[in-house]
Amino acid sequence: MNRAMIIGTGSALPTRVLDNAELERMVETTDEWITSRTGIKTRRIAGAGEETSKLATAAARRALVMAGITPIELDLILVGTITPDMTMPSCACLVQKELKATRAFAFDLNAACSGFLYALDVADKYIRSDPKLKIMVIGAETLSTRVDWQDRNTCVLFGDGAGACVVTGNHQRHGSDPGEGLGDDAGKDKAEDDQKKETRPGADEDERGYLGAKLYADGNLWELLHLEGAPGRNPDLSRADHNSEPSIKMYGPEVFRHAVRAMADAVDKVLIEQGVSVKQLCLIIPHQANIRIIHSLGEHLALPLEKVYVNVDKYGNTSAATIPIALDEANRQGRLAAGDLLLLCSFGGGFTWGASLIRW
Ligand code: COA
């Protein structure tokens, strides 16, 4: 059966680290409160030259290297984001320009924190109709541009970053050497990736790839988590008027309750639909918003904690980027072997939520 298969992953994070101690000096909060209520210790904040499109491009380059394909081979670039550099052109078009992926058409998709899951599902649909397609799927955000840095209820939660993956049909040959256009460190990256690649026996190619997803939305609840106005550029925290621009508004406890219930439901449904039991799962990568939401989900599924990937402590909530960043980390750490069952699930503004199942 034809289905999308991930053949390379990459991620990119801004260099600036904002820790809880620094936040203590910005708003009335404490490291103890942030850590115990959210699990977040640090987050990354984009600066000049680290716009959403730049982070997305850097993540995409790493994914291309791992996939062993060149930018010119890409047919489509999809970016899940709520913080594009500007309203027009799309972030995806700017990535296409940066990569010189001149054959690819490109568009953004806004599903808030579920943006990557939605985009992966769209990519799978294209690939089922033409398995030769090579698609770059990216989740990228610079949420720091849209946070009210005087609102302690939200500013401690969010961060910036990007994750990407290359997908193609599960029956396509892949893994050729990287070619032109990937930058100076392409060879080094490729060598590192080859070293880390596991040689565990893989499942039958026919069984591998994107098995399916259950995706949902409920616009009735939009007010509980929203962001008005046009997208901005990089933050300048020293600017006196930065609060004049629209920022993220959230009713945290309500969002929390919905997030736990909705993700658990989507996970149950996709597992039932695919005839997979929780015990068969090798790894679950949930949206990284709050460690307590992640733990609640783990408890619901009765999954051992070591099977639940967590990096919210390092990066906070990077919206559409949390899952692809975590996926890239898990992949490079060798936590995924051919044939492993991987579950992704998300929840975000809209509301949007869902779960997808992949046989790696
Ligand atoms: N530092 C210190 N105190 C803070 C604070 C901070 N950064 N943020 C809020 N508080 C205060 C509140 O003002 C409140 O004080 P009060 O009781 O005097 O009114 C108190 O802490 C408790 O607030 P509450 O909102 O009930 O805390 P909580 O345990 O629900 O945790 C969140 C708040 C935001 C961490 C939690 O609700 C959450 O994570 N929600 C989901 C967020 C999310 O995932 N959003 C994105 C989805 S994609």
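None of these values were measured; they are calculated from a predicted model. (Residues numbered from 1 in each chain as written. Predicted model: local features only at pLDDT ≥ 70, side-chain atom pairs only at ≥ 80, totals over all residues. Heavy atoms only, no water.)

Enquirer: Teacher, can you tell me more about the overall build of the chain here?
Expert: Regarding its fold elements, the chain presents eleven helices and 13 strands. Working note: accessible area of the chain is about 14,900 Å², and carbon and sulfur atoms make up 51% of it. (Helix = DSSP H or I, 4+ residues; strand = E, 2+ residues; numbered from the N terminus. Areas by Shrake-Rupley, 256 points an atom, 1.4 Å probe, with all protein chains shown as cover.)

Enquirer: What's the story with the nonpolar core in this structure? I'm lost.
Expert: It is characteristic of soluble globular proteins that their nonpolar side chains tend to be buried jointly. Residues Leu271, Ile284, Leu343, Phe347 and Leu357 are the most contacted members of the largest nonpolar core, which totals 46 residues. Of all the elements in the fold, those that place two or more residues in this core are helix 8 (252–274), helix 9 (291–301), strand 12 (341–348) and strand 13 (352–359). Both domains that furnish three or more residues to this core are identified here as domain 1 (4–174) and domain 2 (204–222 + 248–359). Every residue in contact with phenylalanine 347, bar those within four places of it in the chain, is listed here: Cys113, Ser114, Val255, His258, Ala259, Ala262, Met263, His287, Thr352 and Trp353. Among the nonpolar cores identified, the runner-up in size contains 32 residues, and Ile323, Ala330, Leu342 and Ile358 belong to it. (Core = buried A, V, L, I, M, F, W, Y, C linked by side-chain atoms within 4.5 Å. Buried < 20%, exposed > 50% of the residue type's maximum accessible area, 1.4 Å probe, protein only. Domains from an automatic or database assignment. Contact = heavy atoms within 4.5 Å.)

Enquirer: Any chance you could explain the packing of aromatic side chains here in plain terms?
Expert: Ring pairs (aromatic) are described by centroid distance and by the angle formed between their planes. If you walk through the whole model with that rule in mind, you get five aromatic pairs. For the pair tyrosine 216 and tryptophan 353, a centre-to-centre distance of 5.6 Å together with 20 degrees between the ring planes defines the contact as stacked. A residue pair is termed long-range when its members are at least 10 positions apart, and tyrosine 216 in strand 8 (residues 209–217) and tryptophan 353 in strand 13 qualify at 137 residues. Relative to phenylalanine 351, the ring of phenylalanine 347 lies with its centre 4.7 Å away and its plane at 55 degrees, an arrangement referred to as tilted. (Phe/Tyr/Trp six-rings, centres within 6.5 Å; stacked < 30°, edge-to-face > 60°.)

Enquirer: Sorry, what's going on with the sheet that holds strand 13 here?
Expert: Strand pairing in a sheet takes place through backbone hydrogen bonds and is either antiparallel or parallel in direction. Strand order in the open sheet made by the four strands is 8-13-12-11, with mixed pairing throughout. Edge strands, defined here as strands with exactly one partner in the open sheet, are strand 8 and strand 11 (283–286). Here the strands of the sheet are splayed against their neighbours by 10 degrees on average, with no regard to which way each runs. Bridge count between strand 11 and strand 12: four bridges; the pairing is parallel. Paired with proline 286 across the two strands is cysteine 345, which belongs to strand 12. (Pairing = 2+ DSSP bridges. Axes fitted to C-alpha atoms, helices over the stretch in contact; angles between N-to-C directions.)

Enquirer: Please explain the site of the ligand as it appears in this structure.
Expert: Around the ligand lies a shell of 23 residues, among which Thr29, Arg37, Arg152, Gly252 and Asn290 are the nearest. One nitrogen or oxygen atom from the main chain of arginine 152 is found 3.0 Å from a nitrogen atom belonging to the ligand. In isolation the ligand exposes 960 Å². Once the protein is present, 73% of that is buried. Grouping the constituent residues of the shell around the ligand by class yields eleven nonpolar, eight polar and four charged. (Near = heavy atom within 4 Å. Polar contact = N/O pair within 3.5 Å; in protein donor to acceptor, adjacent residues only side chain to side chain. Nonpolar A, V, L, I, M, F, W, Y, C, P; charged D, E, K, R; others polar.)

Enquirer: For this particular structure, what's the right way to read unusual backbone geometry?
Expert: Leaving glycine aside, a negative phi is the common case for residues, and trans is the common case for peptide bonds. Geometrically, the link from methionine 88 to proline 89 is a cis peptide bond, its omega value of 5 degrees lying close to zero. Residue position: proline 89 is located in the loop between strand 4 (76–80) and helix 4 (91–99). In this structure, phenylalanine 351 follows glycine 350 across a cis peptide bond, with omega equal to -10 degrees. One can find phenylalanine 351 in the loop between strand 12 and strand 13. Even without being glycine, alanine 302 reaches a positive phi, approximately 55 degrees.

Enquirer: Explanation requested: helix 5 (residues 115–129) in the structure shown.
Expert: In an α-helix there are 3.6 residues to a turn, and that puts residues three or four apart on one side. Its 15 residues give helix 5 an end-to-end C-alpha distance of 22 Å, which sits within 8% of 21 Å, the value for a rise of 1.5 Å per residue. Those residues of helix 5 not exposed but buried are Gly115, Phe116, Leu117, Tyr118, Ala119, Leu120, Asp121, Ala123, Asp124 and Ile127. (Expected span 1.5 Å × (residues − 1).)

Enquirer: What's the story with the sheet that holds strand 4 in this structure? I'm lost.
Expert: Spatially, five strands are ordered 1-7-6-4-5 in an open sheet, and the strand pairing comes out mixed. Across the chains shown, the open sheet's two edge strands, defined by having one partner strand only, are strand 1 (4–12) and strand 5 (105–109). In this sheet, adjacent strand axes meet at a mean angle of 20 degrees when their direction is disregarded. Sitting on the sheet, helix 3 (residues 52–67) is in contact with strand 1, strand 6 (135–142) and strand 7 (160–169), with an inclination near 130 degrees to strand 1. The sheet strands contacting helix 5 are strand 1, strand 4, strand 5, strand 6 and strand 7, and the helix crosses strand 6 at an angle near 165 degrees.

Enquirer: Where do I start with the environment of alanine 337 in this structure?
Expert: Structurally, alanine 337 is set in the loop between helix 11 (322–332) and strand 12. For the pair alanine 337 and tryptophan 360, spaced 23 residues apart in sequence, the C-alpha to C-alpha distance is 6.6 Å.

Enquirer: Looking at this model, I keep getting lost on the confidence of the model for the chain. Mind explaining?
Expert: When pLDDT is low, close inspection of the predicted coordinates is not appropriate. Residues with a pLDDT of 70 or more make up 87% of the chain, whose mean pLDDT is 90. Per-residue pLDDT stays below 50 along residues 175–184; that stretch engages in 17 contacts with residues further than four places along the chain or on separate chains. Counting interchain partners and residues more than four positions distant, the pLDDT-below-50 stretch residues 197–201 has five contacts. (pLDDT = per-residue confidence, 0-100.)

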